[in-house]
Amino acid sequence: NGKSVSINVINRQTRGVGTWIDFLTKGAVRCPTTLNFGVGGNTSSQILARTPQSIAAAQAGGASVVILLGCMTNDCTASPIPPLGAVGTSGSIIDNLYQIQQMWLAAGFVVIWIAELPRGNASFSGSIVSGTALQNLAGAEQWQASQANNINIFCVRPWSNISMVD
């Protein structure tokens, strides 16, 4: 018919959650790669450290909503594992998440948390968490979910029916 359509499925799959958000919402939610600030392997402390640059780039890109995906899953495999802690406990996972959230809110963004997900399975066993790490994962997920009681904060809990008990 003379028409050529090129779909690079492999390339789209390697671009992470932003591509899947666009695809699964049929384009209703767009996440351009220029506004995807995820860095594989980062801990909550590393995400916190680069949040001001992410906010500046998001503002320059005209964004008004930020989707924060987990933000502490790599803390579970860090050595040593940082404490779960609480807001105001310097260096703790919860305090890092809280500071990240507050920076985005202070900049005028709506925050959508995609709550922590369980890690690992039989074929990806290097990232399975247990003990303290699993307790931290569950505690962070519960904290993220509790934030939805605040103005301009929403939380999606994809695994809310999964027991995260060791």
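Values in this document were obtained by computation on a predicted structure and should not be read as measured data.

Participant: Explain the packing of helix 4 (residues 93-106) against helix 5 (residues 131-146) to me, please; I cannot follow it from the model alone.
Facilitator: When two helices pack together, their arrangement is given by the angle between the helix axes and the distance between those axes. Direction vectors running N to C along helix 4 and helix 5 enclose 30 degrees, while the axes themselves pass 10 Å from each other. As far as their axial angle goes, helix 5 and helix 4 are roughly parallel. Where helix 4 crosses over helix 5, the handedness of that crossing is right-handed. Two secondary-structure elements touch here, helix 4 through Ile93, Ile94, Leu97, Tyr98 and Gln101 and helix 5 through Asn136, Gly139, Ala140, Trp143 and Gln144. Classifying every residue of the contact of helix 4 with helix 5 by side-chain character gives six nonpolar, four polar and no charged.

Participant: Even after reading the chapter, I still don't get helix 4, so can you show me in this structure?
Facilitator: Counting along an α-helix, one turn takes 3.6 residues, and residues three or four places apart therefore face a common direction. Between its terminal C-alpha atoms helix 4 stretches 20 Å, which fits the 20 Å expected from 14 residues at 1.5 Å a residue. For helix 4, the set of buried residues is Ile93, Ile94, Asp95, Asn96, Leu97, Ile100, Gln101 and Trp104. Contacts made by the buried residues of helix 4 are with helix 3 (44-60), strand 1 (65-69), strand 2 (110-114), helix 5 and strand 3 (153-156). In the segment just after helix 4, glycine 108 is the residue with positive phi, at about 90 degrees.

Participant: Just to check I follow, could you spell out the pattern of salt bridges for this structure?
Facilitator: When the charged atoms of two side chains with opposite charge come close together, those side chains can pair. Under the counting rule described, the total for this entry stands at one salt bridge. The partner of glutamate 141 in a salt bridge is arginine 157, with the nearest N and O atoms 2.6 Å apart. Pair noted here: glutamate 141 is in helix 5 and arginine 157 is in the segment after strand 3, with a separation of 16 residues, a long-range link. Arginine 157 sits in the partly exposed class, given a relative accessible area of 37%.

Reading the values: rules and limits
Residues numbered from 1 in each chain as written. Predicted model: local features only at pLDDT ≥ 70, side-chain atom pairs only at ≥ 80, totals over all residues. Heavy atoms only, no water. Axes fitted to C-alpha atoms, helices over the stretch in contact; angles between N-to-C directions. Helix = DSSP H or I, 4+ residues; strand = E, 2+ residues; numbered from the N terminus. Parallel < 35°, antiparallel > 145°, perpendicular 65-115°, else oblique. Left-handed = near helix turned anticlockwise from the far one by under 90°. Contact = heavy atoms within 4.5 Å. Nonpolar A, V, L, I, M, F, W, Y, C, P; charged D, E, K, R; others polar. Expected span 1.5 Å × (residues − 1). Buried < 20%, exposed > 50% of the residue type's maximum accessible area, 1.4 Å probe, protein only. Salt bridge = Lys/Arg side-chain N within 4 Å of Asp/Glu carboxyl O.

Remember, this is a structural readout, not a statement about activity or role.
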